[in-house]
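# Report on the structure
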Amino acid sequence: MAISNQNREELIRQLAKTHYDVIIVGGGITGARLLYDLQSRGMRVLLVEKNDFANNQSSQFEVIAEQEQLSGKEKKRFTQELQYLERNLPTRTNFMTFLNIHNRYGVTDSLTDRIKGTFKPRLHPTSKVLSRKEVVAEHPHLELTDDVKIEQVSVPVIDPVRITLDILKSAHEMGADVINYQKVTDFIYQDQMIRGVRLEDQMTGEEAVIQSRMVINATGRDINELHQLATFTNKNFIHFLSMRSGQWMIKKEALTLGCALSIQGDLQMYPITLVPMENVWVLTVKEPFHMGESAKYSTSESMFNRALDLITHRCPAFNVTYQDVFEGKSINQIDFSHHQKIANDMYVTDTGLISTLGVPFIYARSHAENIGDVVSKRFKKEAGILYQTSETKTRMIQKDISGTKLEINEQKDPRFWSVVDQLGLSLNEINKYQAKINQTAMTSMPEYLSLALLYTLEHEGIYKPTDFLFRRLRLVMVNTPLSLEEIDELFAFFTYHLAWTKEERSYYERDCRFWLKQLQVIQ
Ligand SMILES: Cc1cc2nc3c(=O)[nH]c(=O)nc-3n(C[C@H](O)[C@H](O)[C@H](O)COP(=O)(O)OP(=O)(O)OC[C@H]3O[C@@H](n4cnc5c(N)ncnc54)[C@H](O)[C@@H]3O)c2cc1C
């Protein structure tokens, strides 16, 4: 079975025929890590996601250093996990130089303070406190106000979307099943114990039932929906504080900054970060929200301007406008401040559902191992079946491709190679896709876009073109506007490969054209 969304009907028929050991609900980092762990223990596992994979909390690009001060034991664990990530997913973890700007007088909780003691010096070799003179010399366009202090820090940054997808793909390659755009709406019971889920297809509305011996609820902020549904006697809510955040993609050329910025203002509890990605700047604003307020951060023009106000309060020369924004995305987050208390917590209902809120991204692997141990124990007790212990401690997730030598054809559009790099394709895979591109009659579509499309369809289970564009926008590029011809071919491609009906095509096309127009991506 493939992660691909081609032939969904057949895919769902096959799922419904299978009796799983565990169904994991939620395709974020928590679910992906669990899938990988349980699959490597030899279980028959399915992961179900109602939307695009890694679309919610795990879609936020993350600065790892945004941690609380850690205790000695935690610090060791954190460093170990970071090293594991670097070893196994080296192309997904980067060190990035940040200029950290904060109030000279009041604020103690700066990014530097947070990472001090968290990383060994060799992990952030370029960190230093800059004098005002040095900053002015290096970044003359910043025009900082007098009351700010500046440091330059080198901070590890990960892209959780790519990591989540890498882990899903690795689990899938080992035999796990994965499906998206399927929402779990209810459970199937036997003797008051959960023995499967009811799914609703988010495209067609069709329902299906899939059986399993156990279900794990890894639905992030939505955790209470399923947790409550699964409880007969004790209708407990899982309490957690919530944060909300907004993220905007800003056109790369709109800013002439030489490095990432983290701005800690007196008005703002959490730093506002501005980080350069391949073709965009990502502006992130976080804030706690209070009872009665909407949990959703608005990414409207006025909220964007509010964020800009906070930046220009420290950096008056910062002259970006809403016109430079590609895309705004609102993410509900879970408050970091509670992670020590509930890091390894999982909540089990009287019907056997395991709900987990997840943990900070970097601990997701060990968290999955802990849950995996609980699941294996339960199965052993139930049926005397012995499962292997977790192999995730030693297993490689993905081979580093940075050492692979590519024979670069000078004639090729450099964007093609950029896509190759970002997707981590081997030479064999490049050849395979090149042959497919040559076979298909996509005459107007640039090769890099065809490559990205084909790969995404086969490996990332994208069905909705807006999801596709968002993901590519974030990771590859759509910063050169697409021509109308290219857009037409894009739809022809989806229609052919995903076997869209006429209705589906017209629905998605409308959706997509609206989105592209809004972002001024259509010429
Ligand atoms: C205690 C704690 C501490 C944290 N600390 C930090 C920190 O220090 N720094 C930091 O950066 N981050 C921190 N985080 C955030 C952490 O990185 C995120 O929580 C993590 O990315 C969440 O991933 P997830 O898979 O649990 O949730 P998500 O990525 O939100 O995934 C849940 C998925 O479930 C799907 N879903 C929901 N309902 C259904 C349904 N009915 N059917 C099918 N699918 C469904 C959603 O569409 C979504 O894709 C912390 C989180 C916690 C809980």
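Identification of the chain as Aerobic glycerol-3-phosphate dehydrogenase from Streptohalobacillus salinus is taken from an unreviewed UniProt entry. UniProt, in its Catalytic activity (unreviewed entry) section for the chain, records the words "a quinone + sn-glycerol 3-phosphate = dihydroxyacetone phosphate + a quinol". Recorded in UniProt under Sequence similarities (unreviewed entry), the annotation for the chain is "Belongs to the FAD-dependent glycerol-3-phosphate dehydrogenase family."

Enumeration over the complete set of coordinates arrives at 12 salt bridges. Between Arg41 and Asp373 there is a salt bridge, with its nearest N and O atoms 2.9 Å apart. Of this pair, Arg41 sits in the loop between helix H2 (29–40) and strand E2 (45–48) while Asp373 sits in helix H10 (residues 364–383), placing them 332 residues apart in sequence. For Arg41, a relative accessible area of 2% gives the class buried. Residue classification places Asp373 among the partly exposed residues on the basis of a relative accessible area of 36%. Residue Lys436 is joined to Glu458 by a salt bridge in which the shortest nitrogen-to-oxygen separation is 2.4 Å. In this pair, Lys436 is assigned in helix H12 (residues 427–439) and Glu458 in helix H13 (residues 447–459), connecting sequence segments 22 residues apart. Its relative accessible area of 26% is what places Lys436 among the partly exposed residues. Using a relative accessible area of 22% as the deciding quantity, one classes Glu458 as partly exposed. If you follow the salt bridges from partner to partner, you end up with Asp37, Arg41 and Asp373 in one network.

Given a rise of 1.5 Å per residue, 14 residues ought to cover 20 Å, and the 20 Å separating the end C-alpha atoms of helix H6 (residues 160–173) matches this to within 8%. Among the 14 residues of H6, 13 are classified as buried, and the element is accordingly described as predominantly covered. Directly beyond the C-terminal end of H6, a positive phi value near 120° is found at Gly175.

Looking now at the packing of H12 against H13. One way to put it is that H12 packs onto H13 with a least axis distance of 10 Å and a crossing angle of 110°. Taken together, H12 and H13 sit at an angle that is classed as roughly perpendicular. Once H12 is placed against H13, the crossing between them reads as right-handed. Contacts from Lys432, Tyr433, Gln434, Lys436, Ile437 and Asn438 in H12 reach Glu447, Ser450, Leu451, Leu454, Tyr455, Glu458 and His459 in H13. Its residues placed into classes, the contact of H12 with H13 shows 5 nonpolar, 4 polar and 4 charged.

Procedures and definitions
Residues numbered from 1 in each chain as written. Predicted model: local features only at pLDDT ≥ 70, side-chain atom pairs only at ≥ 80, totals over all residues. Heavy atoms only, no water. UniProt positions renumbered as here; feature names shortened; annotations may be inferred. Salt bridge = Lys/Arg side-chain N within 4 Å of Asp/Glu carboxyl O. Helix = DSSP H or I, 4+ residues; strand = E, 2+ residues; numbered from the N terminus. Buried < 20%, exposed > 50% of the residue type's maximum accessible area, 1.4 Å probe, protein only. Expected span 1.5 Å × (residues − 1). Axes fitted to C-alpha atoms, helices over the stretch in contact; angles between N-to-C directions. Parallel < 35°, antiparallel > 145°, perpendicular 65-115°, else oblique. Left-handed = near helix turned anticlockwise from the far one by under 90°. Contact = heavy atoms within 4.5 Å. Nonpolar A, V, L, I, M, F, W, Y, C, P; charged D, E, K, R; others polar.

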